[in-house]
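# Summary of structural features
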Amino acid sequence: MPVIRLTERRFVLLLLAPAGCFLAVFVAYPLLLLLRNSFYEVSLYALNDGVFVGWDNFVKALGSSRVRESAARTLNYTVIALSAEFVLGFGAALLFNALGKRSELLRTIFAFPLMIPPIVAGLLWRFMLIDNIGIVNHILETLGIIGDASDISWLGDRDLVLFSVALPNIWLTTSFVALVLYTGLQNVPAELIEAAKIDGAGNWQRFRRVTVPLLRPVIAVVLILRGIDAARAFDMIWIQTEGGPRFASEILSIHIYRAMIRYGNVGEASAIATLFMLGMVLASALAFAVIWGRGTSQS
Amino acid sequence: MRSPLASRALLMLLVALIVLVYGFPYAFLVSTSLKSPQAALAIPPTLLPQQLSIENYANIGEHPSVQRSFGNSIIIALLSTVITIALAVPAAYAVARYATWAGKTFLFVVLITRLIPPVAVGIPLFVIMRALGLIDTHLGVALAHSTISVPLGIWLLASFMEGIPRELEEAARVDGCSRFGALLRIIIPVASGGIAVTAIFVFLASWNEFLFSLLLSSTGVKTAPIAIAEFKTQYGIQWGTMTSLAVLFSLPVIIFSLLMQKRIIAGLTVGAVKG
Amino acid sequence: MKRICLVLAILVLLSLSLVAGAQDPVTLTVLVEQGGVWLQEAAAAQFEEETGHTVEFVNVPYGSVFDRLSAEMATGGSAFDVATIDVVWMSHFAPFAEPLDDLFTDEVVDDLFASLVADAQIDGTFIGMPTWANTEIIFYRKDMWEDADEMAAFEAEYGYPLAPPTTWDEFTDMAQFFTRDNDGDGEIDMYGTDVKGGVADFEWMIAVLQAGSPGVVLDADNNIIIDNDAHVAGLEYYISHHCDMDVAPPNVNEVDWGVAENLFYQSQTAMFRFWGHAYRLTRGDSPIADLVGAAPMIAGPGGIGAIPGPWFNIVPKTSQNKEEALQLVQYLYDHNAMGIEAPLGLAARKSAYAQYADVEGFENLNPLLETLDSPQTIGRPAVADWQQIADEILGPIGSDALTCEHDVAELLAWGRAELEAMGYE
């Protein structure tokens, strides 16, 4: 008996070993390097050297208003992108569900943006949003929604730009949210809906009392996955605005890239990146606990 | 109450509207690429080309490094796919089948890697690749891409493998198959659909990746997204050429995806719904 | 006789080994931006033919030249034998660039613009060989400036004849004069000029030089001058076309160089300040193809002023083929004029510009020459953290000033405080 158990454990370890080694070398070790750099003053030009500065980089990062503003913008950007994706995606999923099989072609077209590289999406939206050449303002002008093509400065207005740079993200990933939720809806047993109908529940009540609770795990996973991706966004925003105007679209990943690669302040940037990651872990854990926890306690 | 037919039609209309809004940007991209570089920038812009022009596509011919970049992208994406599948299949099997402490920890670690912003590990990866002599090699970039796709692959494959009835391998074991034999002869063939879907996703992840490719390639192995971004020059953006490149870059993937559409949607949803 | 034979034999052996050494072909990898490929590929091809070496251009986007080379330097990588870099990065890469003092003979120095010679050296050592010098000049619509009715109307209104603007006041007058609502619908159909808020970190400093400042942000000894009178006057002039009068498209933050160029070529602006290369890039199928005029940059109280945008060839110290790399840099200088026929049509040598100045189709070269040769055309300070100063201080100042809600002097005082926080005095 012990021999067999040992074999099984060994077998599992053996299966895990290649991927484990890979992740150790190319994921864990880089993270350790990042952590190490956080405590050093390191220049981009001498990465292997550096002066130990203790917690200085963290103190500087936490004290910097630029970092705090970037963190707030990261949160805003994530909330904007996530809520739009979720509302639109859920709406689309319900529509598809209502249509049933007939929605197949539409779903296929809807899945389209999923295949488009973020860099292309960012460029495309930048092209469409530039106030004078852009097609978006032109259409809005033609429809009479705005008086002149220069009335909305999507990428130049500091109050608007964070929303504008979220557009390609929303465009690219609403379909993901919609398709996942659609699959979830398909898995809701018809008997439960029927039972609720017999109990005299209206459409809205059936949706709230039956569909949503059953979908809760799916919703949790979608929100967390998409939230993480939105918070880490880089290339789409970089290609659109590089964080401008006047840092109004600079989220943390852009700030870190700028500090690390452009200015060469690897130490400080590493400290910010470390804090960023800690924040992500905490936020995900919290989201997980709230969404999932409530679901299980109710049922 | 409205007739079911009318509400159906309304629904259909609503969905068609959403699809139109969603499809529009890409249609406009294609349309712009078929205008002359001059007409692409007309004020006010036009929806459709007033005169079809393939000048933007012809311009690509003047940039041999751009053509090479497509080859690089393919090689790197294939390499990354092979690496990822080779590493992720056994790991996913272990996680899905044997609920050991190691397996659970492993899955947790895999989840955590999703939280890492690429920009944070870009420079450390550069240092490691340099130490390994892998800067500006297909393998170096592919390995960097695999840091994203190995966790993704394990996650997806584990979901697929959980769906395979345990009885299958138990039967094989009774028939005298070793553990490895069961994995090779039973699980992998049965899970081949899931493996194919995973491979597609891994390929796409590499095909689209930007930051690592930018940091880790220079002379030889520049990928297509970088080549596209290169048309953003110091003095402005060459929209015409850029749109044609973007079309060429995304079209094969889109066509392929449409062919594989059912499988891909299955893959998209399996991780999330089962997770 | 024996001696002579011996000497001859040694000579033959030496020359043989020299020839063998020189003919060992290598591949030289050159890091460049698209412009650098255009301007240098013809000369490089000729170099390949003459020497047997191979020149491979690594063409990356503008910002990536810096990022890639930085990363390369960071790790001591040796992927590049030559890099063609923007002047703003020179001091950044100075510690990693091979000294080129030997290449800068008196003859070379005399044939280069003074601002380029100044920019080519860091702390007294030449590290970069100028490859081309670009700067902003005035582009205007010939059909409008040479129209008899317009000329009469302008002179009647402003009291002097209409000609391409040469001063701040003339530029402002003409910008106002040509801002038009052609169809009378209350919307402006053509603006006199533009204000490029999208590249504010660069644009307002041009006016600072025109106002007579001895430099931008920092003086020659790297002392802070960002709050001197010329900075105040320059910044005020820069924003005046947006804040005090309606002569430029209103969404200034979206107007970067690319958009500004498009506005002009799509007849949305009558004139604008832009990089001299664009003249040669005017497309034949452009609606205004034959109507583009070029003139020297305008003068403020301090004279004609502009910021040169030169690019330099540097040889990274890590290059494995230094000798051949230096040979290539020298060759590219010798054949500098070959770039003028390339799309960007730029060069670094006065003689190269002079050679083409009177050729039809190169009407932008005399304005470029005059602007580049002006004493108030001064390069940006050669400090390692210039990029950071531009991104973190100059951009925000320009951007905030363009909201028209701030006192310019206060913004510049903030700029001084920020510079002091970075360690400048």
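Because the structure is a prediction, the values reported are computed rather than measured. (Residues numbered from 1 in each chain as written. Chains lettered and ligands numbered in written order. Predicted model: local features only at pLDDT ≥ 70, side-chain atom pairs only at ≥ 80, totals over all residues. Heavy atoms only, no water.)

On a plain count of helices and strands, chain A comes out with 12 helices and two strands. The linear arrangement of helices and strands in chain A, starting from the amino end, is α-β-β-α-α-α-α-α-α-α-α-α-α-α. Dimensions of chain A, computed from C-alpha atoms along their principal axes, come out at roughly 80 × 70 × 30 Å. Relative to its full complement of 299 residues, chain A shows a buried share of 58%. Nonlocal contacts in chain A, meaning residues at least 24 apart in sequence, comprise 66% of its contacts between residues at least 6 apart. Just so you have it, chain A exposes about 12,700 Å², and 65% of that area is on carbon and sulfur atoms. Taken as two groups, the 24 positive and 21 negative side-chain charges of chain A have centres that lie 9 Å from each other. (Helix = DSSP H or I, 4+ residues; strand = E, 2+ residues; numbered from the N terminus. Buried < 20%, exposed > 50% of the residue type's maximum accessible area, 1.4 Å probe, protein only. Contact = heavy atoms within 4.5 Å. Areas by Shrake-Rupley, 256 points an atom, 1.4 Å probe, with all protein chains shown as cover. Lys, Arg positive; Asp, Glu negative; His and termini not counted. Charge placed at Lys NZ, Arg CZ, Asp CG, Glu CD.)

All names here are of chain C. This structure, assessed with the given rule, holds 10 cavities of 30 Å³ or more. The calculated volume of the second largest cavity comes to roughly 100 Å³. The wall of the second largest cavity is formed by 14 residues, among which Leu39, Gln40, Thr131, Leu332 and Asn336 lie closest to the centre. Secondary structure elements with two or more residues in the lining of the second largest cavity: helix H2 (34–51), strand E6 (129–132) and helix H14 (322–334). Split by residue class, the lining of the second largest cavity holds eight nonpolar, six polar and no charged. (1 Å grid on protein atoms, 1.4 Å probe; cavity = no way out; pocket = protein on both sides within 12 Å on 5 of 7 lines; lining within 4 Å. Points joined across faces, edges and corners; volume = space filled by probe spheres on them. Nonpolar A, V, L, I, M, F, W, Y, C, P; charged D, E, K, R; others polar.)

Glancing now at the interface of chain A and chain C. Contacts between the two partners involve 29 residues from chain A, matched on the other side by 26 residues from chain C. In total, about 2,300 Å² of surface goes out of reach between chain A and chain C, with carbon and sulfur atoms giving 47% of it. Taken together, the connections running from chain A to chain C amount to six salt bridges. In this structure, A:Arg262 and C:Asp391 form a salt bridge, with 3.0 Å as the shortest nitrogen-oxygen distance. (Buried area = accessible area lost by both parts, 1.4 Å probe. Salt bridge = Lys/Arg side-chain N within 4 Å of Asp/Glu carboxyl O.)

Moving on, we come to the domain arrangement of chain B. All names here are of chain B. Each assigned domain of chain B is listed with its residue range as follows: domain 1 (4–55) and domain 2 (62–274). Between the C-alpha centres of domain 1 and domain 2 the distance comes to 32 Å. Interface area for domain 1 against domain 2, summed over the two sides, is near 600 Å², with a carbon-plus-sulfur share of 80%. When the area that domain 1 buries against domain 2 is broken down by residue, the three leading residues are Tyr26, Leu29 and Ser33, summing to 64%. The tally of links from domain 1 across to domain 2 stands at one residue pair in polar contact (both at pLDDT 80 or more). Residues of the side of domain 1 that touches domain 2, tallied by class, amount to four nonpolar, two polar and no charged. (Domains from an automatic or database assignment. Polar contact = N/O pair within 3.5 Å; in protein donor to acceptor, adjacent residues only side chain to side chain.)

Residues and elements named next belong to chain A. Nonpolar side chains collect at one region of the surface, where Tyr29, Leu32 and Leu35 lie side by side and expose about 300 Å² of accessible area between them. Looking at the element boundaries, Tyr29 is found in helix H1 (residues 2–38). Note on Tyr29: relative accessible area 42%, which makes it partly exposed. (Patch = residues over 30% accessible without salt bridge, like charges linked within 9 Å, V, L, I, M, F, W, Y side chains within 5 Å.)

Residues and elements named next belong to chain C. Running from amino to carboxyl end, helix H8 (residues 148–158) crosses helix H9 (residues 168–178) at an angle of 120°, the nearest separation of the two axes being 11 Å. Classified by the angle their axes make, H8 and H9 are oblique. Judged by the sense of rotation from one axis to the other, the crossing of H8 with H9 is right-handed. Taken together, the residues of H9 that come into contact with H8 (itself represented by Glu150, Ala153, Phe154, Glu157 and Tyr158) are Asp173, Met174, Gln176, Phe177 and Phe178. Residues of the contact of H8 with H9, tallied by class, amount to six nonpolar, one polar and three charged. (Axes fitted to C-alpha atoms, helices over the stretch in contact; angles between N-to-C directions. Parallel < 35°, antiparallel > 145°, perpendicular 65-115°, else oblique. Left-handed = near helix turned anticlockwise from the far one by under 90°.)

In this structure, C:Phe139, C:Trp204, C:Val217, C:Ile226, C:Tyr353 and C:Trp386 are the most contacted members of the largest nonpolar core, which totals 273 residues. Considering each element in turn, this core owes the most residues, 15 residues, to helix H7 (residues 161–186) of chain A. Counting residues in each nonpolar core, the second largest holds 53 residues, with A:Leu33, B:Ala96, B:Leu157 and B:Ile164 among its members. (Core = buried A, V, L, I, M, F, W, Y, C linked by side-chain atoms within 4.5 Å.)

By secondary structure assignment, the location of C:Thr377 is in the loop between helix H16 (365–373) and helix H17 (386–401). Among the polar contacts listed, one links the side chain of C:Thr377 to the backbone oxygen of C:Thr371, at a separation of 2.5 Å.

As a further point, take the pairing of strand E7 (residues 136–141) of chain C. Residue and element names in this part refer to chain C. The buried fraction of E7 amounts to six of the six residues, a majority that puts the element mostly inside the structure. For E7 and strand E8 (residues 271–275), the ladder comprises five bridges, and the chain directions are antiparallel. Residue pairing across strands places Ile138 opposite Arg273, the latter belonging to E8. Here E7 pairs with strand E9 (residues 292–295) via four bridges, running antiparallel. Bridging from a neighbouring strand, Phe139 pairs with Ala294 of E9. (Pairing = 2+ DSSP bridges.)

Residue and element names in this part refer to chain C. With antiparallel pairing, the three strands of this open sheet are ordered in space as E8-E7-E9. Only two strands of the sheet have a single neighbouring strand rather than two, namely E8 and E9. Each adjacent strand pair in this sheet contributes to an overall mean axis angle of 35°, direction not counted.

Residues and elements named next belong to chain B. Structurally, Ala27 can be placed in helix H1 (residues 4–33). With relative accessibility at 45%, the residue Ala27 sits in the partly exposed group. Taking the C-alpha atoms as reference points, Ala27 and Val247, separated by 220 residues in sequence, lie 9.9 Å from one another.

Here we come to the sheet that holds strand E12 (residues 311–314) of chain C. All names here are of chain C. On the basis of which strands lie adjacent, the open sheet formed by five strands has the order E2-E1-E3-E12-E6 and mixed pairing. The sheet is open, and its two edges are formed by strand E2 (54–59) and E6, each paired on a single side. The mean angle between the axes of side-by-side strands here comes to 25°, regardless of whether they run parallel or antiparallel. Pairing of E6 with E12, which is carried by three bridges, proceeds in the antiparallel orientation. Within the sheet, the bridge partner assigned to Met129 lies in E12 and is Asn313. Seen against the sheet, H2 touches strand E1 (27–32), E2, strand E3 (82–86), E6 and E12 and runs at an angle of roughly 175° to E2. Here helix H3 (residues 62–74) sits on the sheet and contacts E1, E2, E3 and E12; the angle it forms with E3, its principal contact strand, is near 125°.

Moving on to the interface of chain A and chain B. Between chain A and chain B, the contact holds 91 residues from the first and 89 residues from the second. Of the roughly 8,300 Å² buried at the junction of chain A and chain B (both faces included), carbon and sulfur atoms supply 83%. Our count for the chain A to chain B interface comes out at one salt bridge. Across the pair A:Asp229 and B:Arg114 runs a salt bridge whose closest N-O atoms are separated by 2.9 Å. Applying the counting criterion to the chain A and chain B interface returns six residue pairs in polar contact (both at pLDDT 80 or more). With 22 residues, the single largest contributor to the side of chain A that touches chain B is H1(A). Each residue belonging to the side of chain A that touches chain B can be placed in one class, and the counts come to 69 nonpolar, 13 polar and nine charged.

With that settled, consider unusual backbone geometry. With an omega of -10°, the peptide bond between A:Gly244 and A:Pro245 qualifies as cis. In this fold, A:Pro245 is placed in the loop between helix H10 (235–240) and helix H11 (252–262). Phi at A:Phe247 takes a positive value of approximately 70°, unusual for a residue other than glycine. Relative to the elements of secondary structure, A:Phe247 occurs in the loop between H10 and H11. A positive phi angle, close to 65°, is found at C:Cys404, a residue other than glycine. Summarising the element assignment, C:Cys404 is placed in the loop between H17 and helix H18 (408–421).

The subject of this paragraph is the packing of aromatic side chains. Considering all chains together, one arrives at 46 aromatic pairs over all chains under this definition. Considering the side-chain rings of A:Phe96 and A:Tyr182, the 6.2 Å spacing of their centres and the 90° angle between planes classify their relative orientation as edge-to-face. Of this pair, A:Phe96 sits in helix H3 (residues 65–99) while A:Tyr182 sits in helix H7, and the two are 86 residues apart along the sequence. Under the relative-accessibility criterion, A:Tyr182 is labelled buried at 7%. Their ring planes at 50° and their centres at 5.1 Å tell us that C:Tyr356 and C:Phe362 sit as a pair that is tilted. Take C:Tyr356: its relative accessible area is 12%, and that puts it in the buried class. (Phe/Tyr/Trp six-rings, centres within 6.5 Å; stacked < 30°, edge-to-face > 60°.)

One turn of the α-helix equals 3.6 residues, which is why residues spaced by three or four share an orientation. Residues and elements named next belong to chain B. Under the 1.5 Å per step criterion, the end-to-end length of helix H5 (residues 101–113) is 19 Å for 13 residues, consistent within 8% with the ideal 18 Å. Taken residue by residue, H5 has Ala102, Gly103, Phe106, Val110 and Thr113 as its buried positions. For H5, the arc enclosing every buried residue in end-on projection is 95°, short of the 170-degree limit, so these residues lie on one face. Structural note: H5 exposes Trp101, Lys104 and Phe108 on the side pointing more than 90 degrees away from its buried face. (Expected span 1.5 Å × (residues − 1). Arc of directions from axis to C-beta.)

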